[in-house]
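Here's the letter readout for the chains.
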Amino acid sequence: MKAKEFSTDAAVAALLRGLAEAHGLDLTPYDTTFLRKALEQRVAATGCANLAAYGGYLAEHRAEAAVLEQSLHIIYSEFFRNPLAFALLEQLILPGMIEAKARTGRGEIRVWSAGCATGQEAWSVAMLLDELTATECAPPIAYRIFATDRSEPDLAQARTGHYSAEAVGNVQARRLRTHFSRHGDAFVIAPRLRARVEFSCDDLLDANSASPAASIYGDFDLVLCSNVLLYYRAETRQFIIDKLCRALAPGGYLVTGETERDIVAKHPGLRLVAPPAAVFQKKKPF
Ligand SMILES: C[S@@+](CC[C@H](N)C(=O)[O-])C[C@H]1O[C@@H](n2cnc3c(N)ncnc32)[C@H](O)[C@@H]1O
């Protein structure tokens with residue numbers, strides 16, 4: 001295979017047109033480099049000589065389009081995945097939020113974990129909020145976490161709250177004791193936390209939805225959307241960031257993956273709170 005021929009934008013664009021026409025599959029929102037790597041892998045896996053040959057393969061093997069689409073679906077997640085952001089949340093942002101809510105009497109803390117995959121991000125925030133609100137001297141503040149993904153199978157896995165010993169590898173021992181129970185080899189999220197997290201299907205690219213339907217009106221104090229933007233092209237990233245920014249209450253916080261920090265930092269409605277952590281605050285008013 002000639003790498004140069006493979007990677008021309010024209011060759012990729014032609015393949016994408018074919019996928020849209022023959023399979024109704026629109027892959028244009030994805031980042032070109034990410035897409036090209038996925039295509040290279042499928043070309044190799046199917047034994048095709050180049051991208052043009054892979055186009056022919058797609059025409060002859062209708063199931064291959066779904067395999068290609070699935071290969072773009074990256075679901076890797078971890079508990080407390082962005083340590084810097086979670087340290088900021090635990091030590092500064094969430095305590096400040098709790099105090100402000102208690103002072104103003106303004107209801108509950110509302111959190112959206114967007115692109116939550118199998119739930120680790122949502123449960124991690126639930127653990128922090130549980131710890132910060134459950135102490136005797138803490139103000140009696142309620143919290144709700146709306147966790148969304150476009151993938152129903154991953155949400156179903158998230159809802160079970162079951163994780164392997166490997167999956168909870170970087171959860172501190174004291175948190176394993178407090179927030180999980182052991183069922184055989186599995187670590188299972190405590191019912192106390194389950195009552196606070198609602199998982200539902202939501203596509204961030206859907207122009208007709210502003211925030212998870214289950215949340216009714218958005219107005220989030222905290223939105224986490226980590227390791228999602230990087231898979232999309234610039235215009236799509238902008239669309240998602242605009243949507244997340246609109247869903248935040250004034251002064252609310254957005255957390256992204258660290259590799260996504262510089263993309264989000266350009267948004268006029270957000271200010272970077274404490275670099276290098278990828279934590280932003282919505283400017284007031286915006
Ligand atoms: C790499 S995982 C990141 C999971 C978690 N946020 C983390 O950082 O550990 C990316 C997740 O984003 C979801 N996703 C990608 N595009 C999406 C979209 N347009 N709408 C909703 N979820 C999306 C995928 O289904 C996947 O579960």
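Model, not experiment: these values are computed from the prediction.

Colleague: How would you summarise the packing of helix 6 (residues 83–104) against helix 7 (residues 120–134) if you had to cite specific residues and measurements?
Modeller: Put simply, helix 6 and helix 7 touch, their axes get as near as 10 Å, and they point 50° apart. Our classification of the angle between helix 6 and helix 7 gives oblique. Considering the relative orientation of helix 6 and helix 7, their crossing is right-handed. Every residue of helix 7 that contacts helix 6 at Phe86, Leu89, Glu90, Leu94, Pro95 and Ile98 is listed here: Glu121, Ser124, Val125, Leu128, Leu129, Glu131, Leu132 and Thr133. Residue classes in the contact of helix 6 with helix 7 are distributed as nine nonpolar, two polar and three charged.

Colleague: Any details on the site of the ligand? Residues and values, ideally.
Modeller: Near the ligand lie 20 residues; those nearest to it are His73, Ser77, Asp149, Leu204 and Tyr232. Between the ligand and Asp203, the relevant distance is 2.9 Å, taken from a nitrogen atom to a side-chain nitrogen or oxygen of the residue. In the model, a nitrogen atom of the ligand is placed 2.9 Å from a nitrogen or oxygen of the Ser226 main chain. Bound to the protein, the ligand loses 98% of the 590 Å² it would expose on its own. Tallied by class, residues from the shell around the ligand come to eight nonpolar, five polar and seven charged.

Colleague: So what's going on with the pattern of salt bridges? Residues and values would help.
Modeller: The final tally for this structure, using the stated rule, is 13 salt bridges. Notably, a salt bridge pairs Asp31 with Arg237, separated by 3.9 Å at the nearest N-O pair. With Asp31 in the loop between helix 2 (9–23) and helix 3 (32–45) and Arg237 in helix 11 (residues 234–247), this pair connects stretches of sequence that are 206 residues apart. As far as burial versus exposure is concerned, Asp31 and Arg237 are alike and both buried. Here Arg192 and Asp130 are joined by a salt bridge, their closest N and O atoms 3.0 Å apart. Linking Arg192 in helix 10 (residues 191–194) with Asp130 in helix 7, this pair joins segments that are 62 residues apart in sequence.

Colleague: Would you mind going over the domain arrangement of the protein chain in detail, with residue names and values included?
Modeller: Domain annotation of the protein chain identifies domain 1 (3–71) and domain 2 (83–282). Put simply, the middle of domain 1 and the middle of domain 2, counted by C-alpha atoms, are 34 Å apart. Facing the five residues of domain 1 at the interface are eight residues of domain 2. Interface of domain 1 and domain 2: buried area, both sides summed, is about 550 Å²; carbon and sulfur atoms make up 55% of it. Ranking the residues of domain 1 by area buried against domain 2 places Pro29, Tyr30 and Asp31 at the top, with a combined share of 73%. Our count for the domain 1 to domain 2 interface comes out at one salt bridge. Split by residue class, the side of domain 1 that touches domain 2 holds three nonpolar, one polar and one charged.

Reading guide: rules and limits
Residues numbered from 1 in each chain as written. Predicted model: local features only at pLDDT ≥ 70, side-chain atom pairs only at ≥ 80, totals over all residues. Heavy atoms only, no water. Axes fitted to C-alpha atoms, helices over the stretch in contact; angles between N-to-C directions. Helix = DSSP H or I, 4+ residues; strand = E, 2+ residues; numbered from the N terminus. Parallel < 35°, antiparallel > 145°, perpendicular 65-115°, else oblique. Left-handed = near helix turned anticlockwise from the far one by under 90°. Contact = heavy atoms within 4.5 Å. Nonpolar A, V, L, I, M, F, W, Y, C, P; charged D, E, K, R; others polar. Near = heavy atom within 4 Å. Polar contact = N/O pair within 3.5 Å; in protein donor to acceptor, adjacent residues only side chain to side chain. Areas by Shrake-Rupley, 256 points an atom, 1.4 Å probe, with all protein chains shown as cover. Salt bridge = Lys/Arg side-chain N within 4 Å of Asp/Glu carboxyl O. Buried < 20%, exposed > 50% of the residue type's maximum accessible area, 1.4 Å probe, protein only. Domains from an automatic or database assignment. Buried area = accessible area lost by both parts, 1.4 Å probe.

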